[in-house]
Amino acid sequence: MNRTRRFRPIRRLASILAAQATALLAATATAPAAIAVLPPPEPGGTAGVPPPPVHTVITGGMPGW
C-alpha cells in the first residue's frame, strides 16, 4: 500500500479547515464596514446647505479626452 494514500484525508481536512478559517477572517474584517451607518441629522441643523463643489484633479492620461 502506498504510504501517501493514508495522508490524503488528513490533507483534505486541513485544506477545508484553512479555507473556513480564511472565510471567517474575511467575514469578521468586513463586517464592521458593512453594518456602519451614518448618524441621523441634527434637528434644525444645516440640512439646506449643499456640500461644496468637488474639483477633479487629472494627473496624466490622454489630453483632450
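Everything numeric here is computed off the predicted structure, so don't read it as measured data.

A. Summary view of the overall build of the protein chain. Each helix and strand in the protein chain was counted, giving 1 helix and 0 strands. When each of the 65 residues of the protein chain is scored for burial, the buried share is 0%. Counting only carbon and sulfur atoms, one obtains 69% of the accessible surface of the protein chain, whose full area is about 6800 Å².

B. Representation of a positive patch on the surface within the structure. Side chains of Arg5, Arg8, Arg11 and Arg12 sit close together on the surface and give a patch of like positive charge. When you line up the elements, Arg8 lands in helix 1 (residues 8-34). Taking the relative accessible area as the measure of exposure, Arg8 reaches 43% and is therefore partly exposed.

Parameters and conventions
Residues numbered from 1 in each chain as written. Predicted model: local features only at pLDDT ≥ 70, side-chain atom pairs only at ≥ 80, totals over all residues. Heavy atoms only, no water. Helix = DSSP H or I, 4+ residues; strand = E, 2+ residues; numbered from the N terminus. Buried < 20%, exposed > 50% of the residue type's maximum accessible area, 1.4 Å probe, protein only. Areas by Shrake-Rupley, 256 points an atom, 1.4 Å probe, with all protein chains shown as cover. Patch = residues over 30% accessible without salt bridge, like charges linked within 9 Å, V, L, I, M, F, W, Y side chains within 5 Å. Salt bridge = Lys/Arg side-chain N within 4 Å of Asp/Glu carboxyl O. Lys, Arg positive; Asp, Glu negative; His and termini not counted. Charge placed at Lys NZ, Arg CZ, Asp CG, Glu CD.

On their own, these measurements won't tell you what the molecule is for.
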